[in-house]
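Understanding the architecture of this molecule
Here is what each chain is made of, one letter per residue.
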Amino acid sequence: GDRVFRIGGDEFALLLAGEPGEMESRLQQLQRAIESYRVGWQDHVLNITVSIGLVNFKPGEIEYARLLSLADAACFTAKELGGNRVVSSSLDPREMQERTKAMRWALRIREAIDRNLFELDCQSITPVHGKRAGGGRHFEVLLRMRDPETGERLAPDHFIPAAERFQLGVSLDRHVVNLTLGWLEARGEAAESVGLCAINLTAASLVDEGFANFLYQRVKNGRLSPRKICFEVTETSAVRDLGRAQALIAQMRSLGCSFSLDDFGTGFCSFNYLR
């Protein structure tokens, strides 16, 4: 009577029938079975672990989206605690409330991408002293989300933390790059007036191979001169793999793009990081 569904990537949903008091021990048995499983591949032996979020419910008492968000939040907690464990949604209600709030934002971000509810603002970059060498407008692209119900334009501090927590930063960066370049490519006169357009990238995008390939092809095949594009890397976001980040930077610089370190001095404040 149990059912298993693959809901994407390495994520699965289990629908189990039985007594609530037995569910955690059943899932712990499953967790131990997966941990002890070994896969032989070439000269290596691979092992696997699993993080499990558990929600006990009765048929008809909770809607599907709410049930899945609770399970996902509990699963995320299991990952944060080191993985390879079962975490029930009956944790401290305040903690679960915070996590389900973040999960709701994650769902809203996905919906906003699908429904094209993100909008761009431009903030001018102006020298404090003297005039900048070279002509054209210099500006940084800023992201806003349009609330479909109230029409309110929401600032990034509402949705960026959830995007980073639920690994949506890469999807968001891809969307912003397409929005920005698409807007300028459709308006030749505006594009001509641009000296430099700065676009922020998250740390996750810098080390994502799929994003690197997308970015290279999008800029290379686009109609906006790569020399007018600058990518900003936020110093406060830790880059897991500096080697891979350097490869992306070198690849994009070969096209003519430039890079800048955003918020320098407010995060690591490390000259090694700058170098």
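Data block above holds the structure.
Let's talk about the pairing of strand β1 (residues 3-8)
Counting buried residues in β1 gives zero out of six residues, a small share hidden from the surface. Sheet analysis places β1 next to strand β2 (residues 11-15), joined by five bridges and oriented antiparallel. Residue pairing for β2: Arg6 is matched across the bridge by Phe12. Where β1 folds back onto β2 in an antiparallel hairpin, the turn is made up of two residues, including Gly9, whose phi is positive at roughly 55°.

Focus on the pattern of salt bridges
Per the stated rule, a full pass over the model turns up eight salt bridges. Two residues, Glu119 and Arg153, come together in a salt bridge whose shortest N-O distance is 2.9 Å. Here Arg153 lies in strand β9 (residues 153-154) and Glu119 lies in strand β7 (residues 118-124), a separation of 34 residues in the sequence. On the basis of relative accessible area, Glu119 is assigned to the partly exposed category, the value being 25%. Exposure remark for Arg153: the relative accessible area of 33% places this residue in the partly exposed category.

Considerations on helix α4 (residues 156-165)
Restricting attention to buried positions, one finds in α4 the residues Phe159, Ala162 and Ala163. Looking straight down α4, one finds its buried side chains confined to an arc of 105°; they lie on one side. Count one or two residues on from α4 and you reach Gln167, which has phi positive near 55°.

The rules behind each value
- Residues numbered from 1 in each chain as written.
- Predicted model: local features only at pLDDT ≥ 70, side-chain atom pairs only at ≥ 80, totals over all residues.
- Heavy atoms only, no water.
- Buried < 20%, exposed > 50% of the residue type's maximum accessible area, 1.4 Å probe, protein only.
- Helix = DSSP H or I, 4+ residues; strand = E, 2+ residues; numbered from the N terminus.
- Pairing = 2+ DSSP bridges.
- Salt bridge = Lys/Arg side-chain N within 4 Å of Asp/Glu carboxyl O.
- Arc of directions from axis to C-beta.

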